[in-house]
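Examining the three-dimensional arrangement
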Amino acid sequence: MTASRLFELIIALLYLSGSVSYPLGLVLRRAFLKRLAAWTSAAAFGLHTVDLALRSLELGAANLQHGQFYMSLMAWFFVLIFFVLWWRLKHDFLSMITAPLALILFSSSLAVRTQVLAVPEQFSVLWFSLHVGTIFVSLALIAMAFGAGVAYLHLERLIKTKAKLPGFSKELPSLETFDRANHWAVSIGFPLYTISLLAGFLWASFTWKKVISWDPKELISIVTWILFALLFHQRMVLGWRGRKPAKTAIILFILCLVSLVGVNFLLPSHHSFRQ
Amino acid sequence: MNQEIYLVGLNHKTAGVDIRERFALTDCDPAATGLVIDNGVVSEAMILSTCNRVEFLVVGSEEADMRAKILRFWADQCGQPSGDLEGHTYCHVGDDAVNHLFTVASSLDSMILGEPQILGQLKTAYRNAVEKGVAKVIVNRLLHKAFSTAKRVRTETAIASSAVSISYAAVELARKIFNDLTNHRALLIGAGEMAELAATHLLSSGVRDITVVNRTLAKGEELARQFKGRAMPFEELHQALLETDIVISSTGSPTAIIRAKDMKDVLRKRRHKPIFFIDIAVPRDIDPDINGLDNVYLYDIDDLKEVVEENLAGRMQEAQKARGIVAEEVTAFMRWRDGLALQPTIVALLDQGECIARKELRKSIKQLGPNPDPQMVAILERLAKSLCHKIYHEPISYLKRRSLEEGSAQRFIHNARRMFNLDEEAIPEDAHLDRKVQTGSK
């Protein structure tokens, strides 16, 4: 086992520890387990950053031809967004979803390590970073909104049905906090998603001389964008709050998952990680 | 005729809010309405009617079917079929009744364990009974003891050390909905002890300010001054709903004052900002359908009951201690009451003896001739009196000793009365009560 393999394994194990100890801390009501989750996630994030930096130094632009790099970068963005939201919302509850997602993405990055992408020749670093960087940040935000949305719907149902709030729910932050996570995800995520799509289409128009090539990923992204635009409009203009944005965010996340798993791994597409 | 203590009623555990609404007795005069008639069947009564309970405390004859009599009276007063009360009421007799009353007063039977509000309501009910002249010896003593028991429970246990109340539960819920109460304003519709308590709690939990809307603006303004808030006329209720996020409603309105269809418009204007309604009025002020709207949360008084149950777990131990205190006080009260039954018996015994002594003395003095020697008369008088006292001394001390034993007091007094044929003699009931008052006020 090479040193870099060992390094990756340690990062994965730290994310795993974060994924397990937070829910455990909630259920067993042990504050130290929750602190442990936060520290291991932070350590994983630090090592992850080092890993990405080393990899970039080692491989340089060739990195962009590796599926592993994209997955790993996405995981890194997820954790980054989580730390930003944690700092802004003062609630660690979103680590329920962050650490597991980071773990899944990071492990799948290890699974696709041998995959080499057919990156188009007229590759532009500017367009690319606009396309990939923005989509990763907005995906991370959608994932947060999904986690917050599930928690919102759960807590809201408890309050509406006047169910006795069990000890576990007592730890849940307020509905307003979850709704604010949705607000952040929508107000920042939608512009980023839009930029990403525009950059992608512009890039495509330069590279392939056509704006749209009816790639499955393009189609599903347009559907996602329309739904995202609807949510953005309803939320910002009509003042939607609570249930409806929460549900829409959940659907958005499912669409993104379909797009990520289905298109990148299963269908023939120029976004595919398959050989 | 023997007197017994009865307690008949319903509470939040036995009856839902709809039954409590229908059988509430907010202003009932037991004397004027004929519950207490001077025939010995019902001699004393007190009616406690709050939003969580309606209870009759009655002192009356042992023989009558008191439960049926009270239920009939109650249903008549409310204009409701008495059959609807069946299955929702309880009837406690004797020490069970005393125990129930003390338990209620110590707020061990409250919807929220340890909530002291019931004590104030009980004091009001007692004051009404005293003013109407239907609280006499037993009810007087019983209520005074109930209040002192409640005080003991409050000071000797931790049951009321922290605020456990509807309002506390409401604040906890508000915290589940709103992240930070300091950014939110509260609205108080109507006045009332519980609503004011909730408002006080909200303020101390950091809510930004309180707006008061009341039918009579002057009263609203007075309340607003108390909370350093502002008052708005009732007509501007909808405007107030646009500006506030936590609404406590407790008006005496017989119909809903906020309806679901009005609320849709309000919500649009609020841009769907969440709003939390706490309806503590019975009958309810707020259309229950409102809870079905997005971003609107409604809890009525019964719902709050559910919420607080989890807070109660930690207080169970304190409640156990409190029940011990209540049991002690019940025993003390019953001993007093049994002694009370003994007291008139002793008095009647001595009366009987003195009566016989005086009769025999008159006869003997007659035999001494037209001009009896005053010294001789005095000696005879002393002789008669001390004879009677000496003769009755042993039976009386026997009765006193026996009455300290649990349960046997009633039986021995009953036997003594039959043995000396005390009840043949017509002793006016008022005379009894006077002596009881003297004994009771010692």
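Since the model is a prediction, treat every value here as computed from it, not as a measurement.

**Focus on the overall build of chain B**
For chain B, the helix and strand inventory stands at 15 helices and 10 strands. Of all 442 residues assigned to chain B, the portion counted as buried reaches 40%. Of the contacts made within chain B by residues no fewer than 6 positions apart, 72% connect residues no fewer than 24 positions apart.

**Comments concerning the sheet that holds strand 4 (residues 90-93) of chain B**
Residues and elements named next belong to chain B. Read across the sheet, 4 strands follow the order 2-3-1-4 without closing on themselves; strand pairing throughout is antiparallel. A strand with exactly one partner marks an edge of an open sheet, and here the two such strands are strand 2 (42-49) and strand 4. On average, each strand axis in the sheet is inclined to that of its neighbour by 15 degrees, with strand direction left out of account. Set on the sheet, helix 3 (residues 95-105) makes contact with strand 1 (3-11), strand 3 (53-61) and strand 4; between it and strand 1 the angle comes to about 45 degrees.

**Notes on the sheet that holds strand 7 (residues 230-233) of chain B**
Residues and elements named next belong to chain B. Spatially, the 6 strands line up as an open sheet ordered 7-6-5-8-9-10, and their pairing is parallel. Lying at the two open borders of the sheet, with one neighbouring strand each, are strand 7 and strand 10 (296-300). With strand direction ignored, the average angle separating the axes of adjacent strands in the sheet is 20 degrees. In this structure, strand 8 (residues 246-249) lies alongside strand 9 (residues 275-279), joined through 4 bridges in parallel fashion. Across the sheet, residue Ser 249 finds its bridge partner in strand 9, namely Asp 279. The strands touched by helix 8 (residues 217-226) within the sheet are strand 6 (210-214) and strand 7, with strand 6 carrying the most contacts at an inclination of about 160 degrees.

**Concerning the UniProt feature "transmembrane region" (unreviewed entry) in chain A**
Per the UniProt record, "transmembrane region" (unreviewed entry) is annotated on residues 6-24, 69-86, 93-112, 132-155, 184-206, 218-237 and 249-267 of chain A. Taken end to end, residues 6-24 of chain A comprises 100% helix and 0% strand; its first and last C-alpha atoms sit 27 Å apart.

**Looking at the interface of chain B and chain A**
Of the residues lining the interface, 18 residues belong to chain B; the matching set on chain A comes to 15 residues. For the side of chain B that touches chain A, the secondary structure elements donating two or more residues are helix 6 (166-177), strand 10 and helix 11 (301-312) of chain B. Counting residues per element, the side of chain B that touches chain A draws most heavily on helix 11 of chain B, at 4 residues. Residue composition of the side of chain B that touches chain A, by class: 5 nonpolar, 4 polar and 9 charged.

**Some points on the environment of Phe7(A)**
Within the fold, Phe7(A) resides in helix 1 (residues 3-28). Contact partners of Phe7(A), with chain neighbours within four places excluded, come to Leu47(A) and Asp51(A).

**Concerning the environment of Ala231(B)**
Residues and elements named next belong to chain B. Mapping Ala 231 onto the fold places it in strand 7. Its 21 C-beta neighbours within 10 Å are what place Ala 231 among the buried residues. Setting aside chain neighbours within four positions, we find Ala 231 in contact with Val 212, Asn 214, Leu 217, Gly 220, Glu 221 and Ala 224.

**Focus: the confidence of the model for chain B**
Should the pLDDT be low somewhere, the predicted coordinates at that spot are not to be read in detail. All names here are of chain B. Summary statistics for chain B give a mean pLDDT of 82 and a share of 88% for residues scoring 70 or more. The lowest-confidence element of chain B is helix 15 (residues 429-440), averaging 39 in pLDDT; the highest-confidence one is helix 3, averaging 93. pLDDT under 50 marks residues 425-442. Its contacts with residues more than four places away, or in other chains, come to 18 contacts.

**So, the packing of helix 3 (residues 67-89) of chain A against helix 4 (residues 95-111) of chain A**
Residues and elements named next belong to chain A. Close contact between helix 3 and helix 4 brings their axes to 7 Å; oriented N to C, the two are set at 165 degrees. Taken together, helix 3 and helix 4 sit at an angle that is classed as roughly antiparallel. Between helix 3 and helix 4 lies a crossing whose hand is left-handed. Along its contact with helix 3, which presents Gln 68, Met 71, Ser 72, Met 74, Ala 75, Phe 78, Val 79 and Phe 82, the element helix 4 presents Ser 95, Thr 98, Leu 101, Ala 102, Leu 105, Phe 106, Ser 108, Ser 109 and Leu 110.

Basis of the calculations
Residues numbered from 1 in each chain as written. Chains lettered and ligands numbered in written order. Predicted model: local features only at pLDDT ≥ 70, side-chain atom pairs only at ≥ 80, totals over all residues. Helix = DSSP H or I, 4+ residues; strand = E, 2+ residues; numbered from the N terminus. Buried ≥ 20, exposed ≤ 12 C-beta atoms within 10 Å, placed from the backbone. Contact = placed C-beta atoms within 7 Å. Pairing = 2+ DSSP bridges. Axes fitted to C-alpha atoms, helices over the stretch in contact; angles between N-to-C directions. UniProt positions renumbered as here; feature names shortened; annotations may be inferred. Nonpolar A, V, L, I, M, F, W, Y, C, P; charged D, E, K, R; others polar. pLDDT = per-residue confidence, 0-100. Parallel < 35°, antiparallel > 145°, perpendicular 65-115°, else oblique. Left-handed = near helix turned anticlockwise from the far one by under 90°.

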